[in-house]
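# Structural overview for review
What follows is the residue order along each chain.
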Amino acid sequence: MSHDDEIIARLGAIGQPGAEADLGVDPAGVLELARRRRRTRAVLGGAGVAAVVLTVAMSMNLLGGRTQSQSPAATSLPTTTSTATPPATSSTTTEAALLCPDRGVGTGPGLSGAIDLSAALVPGMVPTDAVVCRYADVGSGTPAAFDADRVALAGSLVGIPLDLAHLVAGPADACAADAGALSYSLGLQYADGVVWVTPGSGGGGCPGATNGVFETQDGVLPALAAAYQARSWVGFAQGEAPRWACEGSTRDETGPATFVPADPTAVRVCLRTGMSGTSTDLDVGAASGIIAALRALPATRGPATCQPTGRPAGPPVLEVLLTFADRDPRTLRINLGCRPAVVGGTIVAPDAVAVVAAITAATGYTLPS
Amino acid sequence: MSTQTSGFEEFVVARSPRLVRTAYLLTGDRDLAQDLVQTALARTWPHWHRVRDNQPEAYVRTVMVRLQRSMWRRKWRGEVPTDVLPEPGSSAAPTDAVNDRVVLAKALALLPPGQRQIVVLRYVDDLSVEQVASIVGVAPGTVKSQSAKGLARLRVALSTPVPVEERT
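Numbering of residues starts from 1 in every chain and runs along the sequence as written. Chain letters start at A and ligand numbers start at 1, both assigned in the order the entries are written. Predicted model: local features are reported for residues with pLDDT of at least 70 only, side-chain atom pairs are reported and counted for 80 or more only, and whole-chain, interface and lining totals are derived from all residues.

## Quick notes on the overall build of chain A
The secondary structure content of chain A amounts to nine helices and 15 strands. Exposure criterion: with C-beta atoms placed from backbone coordinates, a residue whose C-beta has 20 or more other C-beta atoms within 10 Å is buried, one with 12 or fewer is exposed, and one in between is partly exposed. Out of the 369 residues belonging to chain A, those deemed buried represent 42%. Across chain A, the fraction of contacts at a sequence separation of at least 24, relative to all contacts at a separation of at least 6, is 72%. Segments assigned H or I by DSSP are reported as helices when at least four residues long, segments assigned E as strands when at least two residues long, and all are numbered from the N terminus. We call two residues in contact if the C-beta atoms placed from their backbones are at most 7 Å apart.

Put into structure tokens, the structure is as follows:
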């Protein structure tokens, strides 16, 4: 028996019933805990929400500053009334969860329910709601400088995982921000909790970003500033994006040979021509034809070496970035002048006609015949 | 109890000892293990009508694993991993199941949290690679690689001193 076999056998043995750790838990205690959780949620969703929101607002130093508005048309309103008597709807709970964290007490770590924040700056899912908080004068370093405006992002949010889920891990810089600098935080609401993304610990002007657990050296500040101004997620301007728009991962190569290993949450199509490129973000509904075409491809494992097909090799190149709820984003490359035409890591398919047709139908791209 | 939640208490009684065993190996602390299982079950209860006929234990395990990650993030750890095991493992024949459980629990505590989850689910709970991948939320390939790395670390932690002739 090898060492590993022996260890596996010992681990298996301690998984069997025994006297040492066979105490279970009391069902009555579980039910009481569950009922307490339910009561707490009911309070948050019902008439008691006003007091809760007010308390949260006070604890976040918001009442001395400006309140936030869910309306894209309003940036700042006089305080009290909107927070003291909000409508008792489920969106109020979301609003309470997405109140801007106080920059004066830290970097606004990510809050979460069952969301794993350790592997990526944001989850691969598309958030249900998103807000951007703007902080003024972060460089002064005093809580008195706290001053947050908040805008709720309107429109499609599919670009958020597509832009941020593939940023690579690395330490966010702890630099000192300039006095008077602006900084921003991004609050994202998911079914299972809330994630806050903030720039490096120095605030505005400092590279890197963190969700409180995962750090990246890639700067997201330009995208947050743009979202605040546009009141919608517009992503990065050309030249500001920390990563190529369709950059993903091809590490997940040990499973079945398939280009779409799970249900995607969002799809981005990039068209590279020479040194320039353009991209289109699609929700899974709009991308359903592309997803179906990719799934129908006869995928095999094989070398990705380009074998010219007689068409002009090289540009344009299509790339498809897929984000998933539970795995790394994946990039597939479609080279119109090569065979195999579709490559995703070690997974290849010889022909891309159906996929290209689906892409042109979904994006309106015009490709050379 | 309503029909929506019927069978929940029976499930808790029948399955929680096994879940606590798993939680103990994940946390390295008996009180934390009890808390973890109780909280995971409490979060399962509202969804019981939906999950009771669809592998409820796997559902609870998934909640446990994710809750445990939240605990790590909040530094809510009862465990204090050390580099040195109080008693080297494999030199002692695992005839005493209780002692071996303690030794292995301490060795598991030396693994990085994510790796420990994978090793415990894979080898202690004897789940398949695909089941572990689903619960932990990683690719099957990650489960395989982390299992191998975890076993290698356990081998080092549990090993007796390397004989002289193997050092060259």
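## Some points on the overall build of chain B
Assigned secondary structure in chain B consists of eight helices and zero strands. In sequence order, the secondary structure elements of chain B are arranged as α-α-α-α-α-α-α-α. The proportion of buried residues among the 168 residues of chain B is 42%. Summarising the internal contacts of chain B: among those between residues at least 6 apart in sequence, 61% fall at separations of at least 24.

## Comments concerning the nonpolar core
In terms of nonpolar packing, the biggest core is built from 76 residues, with A:Val132, A:Ile290, A:Val342 and A:Val355 touching the most fellow members. Domain start and end points were adopted from an automatic or database domain assignment. If you count residues domain by domain, this core takes at least three from each of domain 1 (32-48 + 64-230) and domain 2 (264-363) of chain A. Each residue touching A:Val355, except ones within four places of it in the same chain, is listed here: A:Ile290, A:Ala293, A:Leu294, A:Leu297, A:Ile334 and A:Val342. Think of a nonpolar core as buried Ala, Val, Leu, Ile, Met, Phe, Trp, Tyr and Cys residues chained together by C-beta atoms that fall within 7 Å. By size, the runner-up hydrophobic cluster in this structure holds 52 residues, among which are A:Ile14, B:Phe11, B:Leu25 and B:Ala40.

## Digging into the packing of helix 6 (residues 113-124) of chain B against helix 8 (residues 140-158) of chain B
Residue and element names in this part refer to chain B. In this analysis an axis means a line fitted to C-alpha atoms, helices contributing only their contacting stretch, and an angle means the value between N-to-C directions, from 0 to 180 degrees. Look at helix 6 against helix 8: their axes get within 9 Å of each other, and the N-to-C directions meet at 95 degrees. Between helix 6 and helix 8, the angle falls in the class roughly perpendicular. Here Gly114, Gln115, Ile118, Val119 and Arg122 of helix 6 lie close against helix 8, whose contacting residues are Val143, Gln146, Ser147, Lys149 and Gly150. Classifying every residue of the contact of helix 6 with helix 8 gives three nonpolar, five polar and two charged. Put simply, angles under 35 degrees are roughly parallel, angles over 145 are roughly antiparallel, angles from 65 to 115 are roughly perpendicular, and the rest are oblique. Here the term charged refers only to Asp, Glu, Lys and Arg, the term nonpolar to Ala, Val, Leu, Ile, Met, Phe, Trp, Tyr, Cys and Pro, and the term polar to all other amino acids, Gly among them.

## Brief notes about unusual backbone geometry
The residue A:Arg231 is not glycine, and still its phi comes out positive at about 60 degrees. Its place among the elements puts A:Arg231 in the loop between helix 7 (221-230) and strand 7 (264-273). Residue B:Asp126 is not a glycine yet carries a positive backbone phi of 55 degrees. Here B:Asp126 shows up in the loop between helix 6 and helix 7 (129-136). Here B:Asp126 falls in the partly exposed class, since 13 other C-beta atoms lie within 10 Å of it.

## Some words on helix 2 (residues 30-44) of chain B
Residues and elements named next belong to chain B. Taking 1.5 Å of rise per residue, 15 residues should cover 21 Å, and helix 2 covers 21 Å from first to last C-alpha, within 8% of that figure. Extensive coverage of helix 2 is indicated by the burial of 11 of its 15 residues. Listing the buried residues of helix 2 in full gives Ala33, Gln34, Leu36, Val37, Gln38, Thr39, Ala40, Leu41, Ala42, Arg43 and Thr44. Multiply 1.5 Å by the residue count of a helix minus one, and that product is the helix's expected span.

## Looking at the environment of A:Pro329
All names here are of chain A. Considering the arrangement of structural elements, one finds proline 329 in the loop between strand 11 (317-324) and strand 12 (330-335). On the basis of neighbour counts, which here come to 24 C-beta atoms within 10 Å, the residue proline 329 falls in the buried class. Between the C-alpha atoms of proline 329 and alanine 165, which are 164 residues apart in sequence, the distance is 7.1 Å. Once residues lying within four places of it in the same chain are set aside, the contact partners of proline 329 are Gly124, Ala165, His166, Gly248, Ser249, Leu321, Leu322 and Thr323.

## Looking at the environment of A:Ala241
Structurally, the position occupied by A:Ala241 is in the loop between helix 7 and strand 7. As for A:Ala241 and A:Asp218, which are separated by 23 residues in sequence, their C-alpha atoms are 8.8 Å apart.

## Digging into the pairing of strand 11 of chain A
All names here are of chain A. Counting buried positions along strand 11 yields seven of eight residues, so the element is predominantly enclosed. Think of it this way: DSSP has to see at least two bridges between two strands before they count as a pair. In this sheet, strand 12 lies alongside strand 11 in antiparallel orientation, the contact comprising six bridges. Counterpart to valine 320 in the pairing with strand 12 is leucine 332. Counted between consecutive antiparallel strands, the loop separating strand 11 from strand 12 contains five residues.

## Observations regarding the packing of helix 6 of chain B against helix 7 of chain B
All names here are of chain B. Taken N-terminus to C-terminus, the directions of helix 6 and helix 7 make an angle of 140 degrees; their axes are 9 Å apart at the nearest point. By the angle class used here, helix 6 and helix 7 are oblique. The interaxial crossing formed by helix 6 with helix 7 has right-handed handedness. In contact with Gln117, Ile118, Leu121 and Arg122 of helix 6, helix 7 contributes Val132, Ile135 and Val136. Partitioned by chemical class, the residues of the contact of helix 6 with helix 7 number five nonpolar, one polar and one charged. The handedness criterion is simple: a crossing whose near helix is rotated anticlockwise from the far helix by less than a right angle is left-handed, and one whose near helix is rotated clockwise is right-handed.

## A few points about the pairing of strand 7 of chain A
Residues and elements named next belong to chain A. Within strand 7, eight of the 10 residues are buried, which leaves it mostly tucked inside the rest of the structure. When strand 7 meets strand 11, the two strands line up antiparallel, connected through eight bridges. By the bridge assignment for strand 11, arginine 272 is matched with valine 317.

## A look at the confidence of the model for chain A
All names here are of chain A. Residue-level pLDDT values for chain A average 71, and 63% of them are 70 or greater. Note on scores: pLDDT gives the predictor's confidence for each residue, bounded by 0 and 100. Throughout residues 39-93 the model reports pLDDT below 50, and contacts reaching past four residues in sequence, or to other chains, amount to 69 contacts. Contacts from residues 104-108, a stretch scored under 50 in pLDDT, to residues over four places away or in other chains number 11 contacts.

## Details of helix 9 (residues 353-363) of chain A
The periodicity of an α-helix, 3.6 residues per turn, causes residues three or four positions apart to be oriented the same way. All names here are of chain A. Of the residues making up helix 9, those classed as buried are Val355, Ala358, Ile359 and Thr363. What you see down the axis of helix 9 is that its buried residues fit within an arc of 110 degrees, all on one side. Across helix 9 from its buried face, at more than 90 degrees, point the exposed residues Val353 and Ala361. Remark: glycine 364 follows helix 9 within two positions and exhibits a positive phi of approximately 80 degrees. What the arc measures is the spread of directions leading from the helix axis to the C-beta atoms.

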